[in-house]
Amino acid sequence: EAYHQVASSKKMCYFLDDVRTTLRNMIRTVNVRADSLDTLSAVGELSYAWQLIDQYRGLMQTHIQNNPRRVLRLRSLFLTLVSVLEIPLSRIYQAQSPDLESVSQYYSDKLVTFVRSVLQVIPINIFHKLSSIAKIQTEELPSIPNKVARKSLQDLECGAERMKVAKLSHQISLFMKGILEMDTTYMGVSLVDPQDVLKDGIRKEVVNKIVNILYGVLVFNSNPSHIEFELALTRVQSEMRGFRLSFEYIQDYIDIPALQMFYSEFDRIVAFNLEQDENLYLTKKILSQESKHQDPLCPIPLGNQKYSGGTFLGRSVRALRELSHPRSAIFALGGWWDASGNELVGVSTFSKLRGALGVAGLAGCCALLGFEVVKKLQSVFTLISDFMGGVNAGNDGMVGFFNRVLEQIAPSFSLPGQQGGGRGESAVGKVLQAAIQRVEPITGRILELLCEIGQLQLLRQHMAGELTFAAKLESARLFDHLSTLDRALANTSKDDTVDPEMLHSQPAKKLLKDTSRFLHGMGFENALARVYLTLPLNSSHTINHVETVLLFAVLSPMCLDRLSYSDEFQTLIQKRVKKEREMVLDGGPLAAGLVTVLQQMHHSRTHAFCALLGQHLRASIHGSVVLPSPDQAVNSAYGCMTVDGVFPQNAAVLLGLVDQISRLRGANFDAFAAVVPRYLLDTYRAVAGKSFAAPKS
């Protein structure tokens, strides 16, 4: 500093003063005596306080909450706590035990857990202030459009509210500054990075916030109304949107990819809760602590399950099933309606469900419905199997009885001659009457199961449609690429020139698994064409007569006398229910249930069912009425005619079921083409006010 040029430079003087202070501290450190070090070590030794230090956790968190920079002072305390390792490790080290490393790791993890618990107050306070930001952004600040008129700028200013947001953001940045100024430190043998501690703490609070919203809002009673259901979904969507926007707003202040973390944790929560709901259908349960979706540093709580039981996914699915149940809703025109014509569940409902639970949540609800479909299908086949094996008719039981019935009405492609003197009474009707009465003990239960299966399948179809619509709208390129990949994989699997070993290789299996996961999330699934379970072809009587029992259940008065065509809903609906607990049928779900059950069997059984149904339909109409042509059915002469006025009651119901089954299976379903004249379907659709044009292939 004796040089004039150095003394005149304030910057150089500052550097020299800093060097002087550092050298002075170095000299003092070198001259520290050994007895002083021993005294300092004895005073700073905290192994005795291992059982007491936890009582001061609240006090430490209060100091950090009042002044975030005090985290730097706690760093020395955390380093001093390492002395607790000396007592348990000293004897192990002297004995040269191989357990030294595992014991060191155990106590180091204990120390790290304590440090994390103390510093967790920072994420808690961050999210407390984040809730205030979310409330201001969603309730007080208006959304700014892409184009703003000059005269409306002052209305969008909201200076006081934006000042509140700025102050809260500044306070959050102070919390972040305090913990990020800590250096990376070894706690025993474990390395503690403040950035990782903060990130894990924020993840934990994100999970708790999402779980509290989902479990706190999605609570329904045993019989919810569609208004309550949609209001709950709207509220969840609003709260999630506010939390996501505010979390994304502060990501630059906390140096964390907030949006990526939000969606990652949300998908993990949905997958975990879906896994817990699946335990209801699986024999091997997966406990919450054993789940692959759990993280020891950021566990997922199960939430409050005392209302309605189950997770939020299970509650939502149960509420949706209750709203669309045939006893309270009619499936028509792409949705579910009450008797007064008010929509209960429709396209807007599934859109709100996706907005509340996201794509992962909606796909999870669809998967839960799939498990329920499997359960109902197993009930159908078990019921028929028990009936066929437990009831005896003659010497060879029910199997022989049905064999004789089929022999008497064969061949199914021909129209049997009339018997008796009554007009319209055919031989096939008299032969089938005894079989219908024989199946009567299980007819009601079969029809209920078919309607429940059809309801679940139609819900799955609508959910898949919503996922597909969202994929086309929000990720068009990914949708197109996956569509192309799906077609390519399907064509490759059908190609006879491809080596079969290549299709069964591990890379091919991994590709199919990953592709299937993406396709499921985008709704590339036709629920009605899916095989949920298979029946062996070499089975006993069950596989041989499932379609026969289903036919007699559909032809029973319990089914045909309860349904009628509705001009208002343009579908088959249940007639007026006279008793409170009386079985209720719905044409759409019944047809979807029949399609699903038939899909689980060999296609020859499906054609056999359609042939027998077509034979009965032709026999019922033959000689009964004089049908108008399709052109006459829609002109002024027949414009006021109804379905029941043109066809007999039973034939009208059967034609309605045939029409709905054909539409559900699509244009490629030709099982009815050879057994039901196209003229009958054309006339039915014309009189019913439907288009009878041939579907496009």
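What you are looking at is a predicted structure, and each value in this text was computed from that prediction instead of being measured.

A. Quick look at the nonpolar core. The biggest cluster of nonpolar side chains holds 171 residues, and the ones touching the most others in it are Phe78 and Phe247. What Phe247 contacts, discounting residues up to four positions off in sequence, is Phe127, Leu130, Ile202, Val206, Ile254, Ala258, Met261 and Phe262.

B. Examining the packing of helix H5 (residues 71-80) against helix H7 (residues 100-119) more closely. Here H5 crosses H7 at 160 degrees, and the two axes come no closer than 12 Å. One element, H5, and the other, H7, form an angle in the roughly antiparallel class. Regarding H5 and H7, the two cross each other, and that crossing is right-handed. Side by side, H5 and H7 meet where Val71, Leu74 and Phe78 of the first sit next to Phe114, Val115, Val118 and Leu119 of the second. A class-by-class count of the residues in the contact of H5 with H7 yields seven nonpolar, no polar and no charged.

C. Quick look at the sheet that holds strand S4 (residues 335-337). Strand order in this open sheet of three strands is S3-S4-S5, and the pairing throughout is antiparallel. Every interior strand has two partners, whereas the edge strands, strand S3 (330-332) and strand S5 (343-345), have only one. Taking each pair of neighbouring strands and ignoring which way they run, the sheet shows an average axis angle of 45 degrees. Pairing geometry for S3 and S4, over three bridges, is antiparallel. For Phe331, the partnering residue across the bridge sits in S4 and is Trp336.

D. Looking closely at the side chain of Glu265. Checked against the element boundaries, Glu265 lands in helix H13 (residues 258-278). We classify Glu265 as buried; its relative accessible area is 4%. Looking at Glu265, its side chain comes within polar contact range of the side chain of Arg203, at 3.0 Å. For Glu265, the residues in contact, after removing those within four places along its chain, are Arg203, Val206, Val207 and Cys298.

E. Looking closely at helix H11 (residues 226-249). Here H11 spans 34 Å end to end across 24 residues, near enough to the 34 Å set by a 1.5 Å rise per residue. Within the span of H11, buried status applies to Phe229, Glu230, Ala232, Leu233, Val236, Met240, Gly242, Phe243, Ser246 and Phe247.

F. Molecular detail of the confidence of the model for the protein. On average, the protein scores 80 in pLDDT, and the residues at 70 or more come to 85%. Long-range and interchain partners of residues 537-542, a stretch whose pLDDT sits below 50, account for nine contacts in this model, where long-range means more than four residues apart. Predicted confidence for residues 633-641 stays below pLDDT 50, and this span has 10 contacts to residues more than four positions away or in other chains.

G. Highlighting the pairing of strand S6 (residues 563-566). Sheet analysis places S6 next to strand S7 (residues 571-574), joined by four bridges and oriented antiparallel. When the bridges of S7 are listed, Ser566 appears paired with Thr571. Taking the residues between adjacent antiparallel strands as the criterion, S6 and S7 are bridged by four residues, where Gln570 takes a positive phi near 55 degrees.

H. Up close: a nonpolar patch on the surface. A cluster of nonpolar residues, Met12, Tyr14 and Phe15, forms a patch on the protein surface that exposes about 330 Å² of accessible area. Looking at where Met12 falls in the secondary structure, it is placed in helix H2 (residues 10-30).

I. Spotlight on unusual backbone geometry. Positive phi values are uncommon outside glycine, yet Leu333 reaches one of about 55 degrees. Phi is positive for Gln570, which is not a glycine, with a value near 55 degrees. For Gln570, a relative accessible area of 35% corresponds to the partly exposed category.

Thresholds applied
Residues numbered from 1 in each chain as written. Predicted model: local features only at pLDDT ≥ 70, side-chain atom pairs only at ≥ 80, totals over all residues. Heavy atoms only, no water. Core = buried A, V, L, I, M, F, W, Y, C linked by side-chain atoms within 4.5 Å. Buried < 20%, exposed > 50% of the residue type's maximum accessible area, 1.4 Å probe, protein only. Contact = heavy atoms within 4.5 Å. Axes fitted to C-alpha atoms, helices over the stretch in contact; angles between N-to-C directions. Helix = DSSP H or I, 4+ residues; strand = E, 2+ residues; numbered from the N terminus. Parallel < 35°, antiparallel > 145°, perpendicular 65-115°, else oblique. Left-handed = near helix turned anticlockwise from the far one by under 90°. Nonpolar A, V, L, I, M, F, W, Y, C, P; charged D, E, K, R; others polar. Pairing = 2+ DSSP bridges. Polar contact = N/O pair within 3.5 Å; in protein donor to acceptor, adjacent residues only side chain to side chain. Expected span 1.5 Å × (residues − 1). pLDDT = per-residue confidence, 0-100. Patch = residues over 30% accessible without salt bridge, like charges linked within 9 Å, V, L, I, M, F, W, Y side chains within 5 Å. Areas by Shrake-Rupley, 256 points an atom, 1.4 Å probe, with all protein chains shown as cover. Salt bridge = Lys/Arg side-chain N within 4 Å of Asp/Glu carboxyl O.

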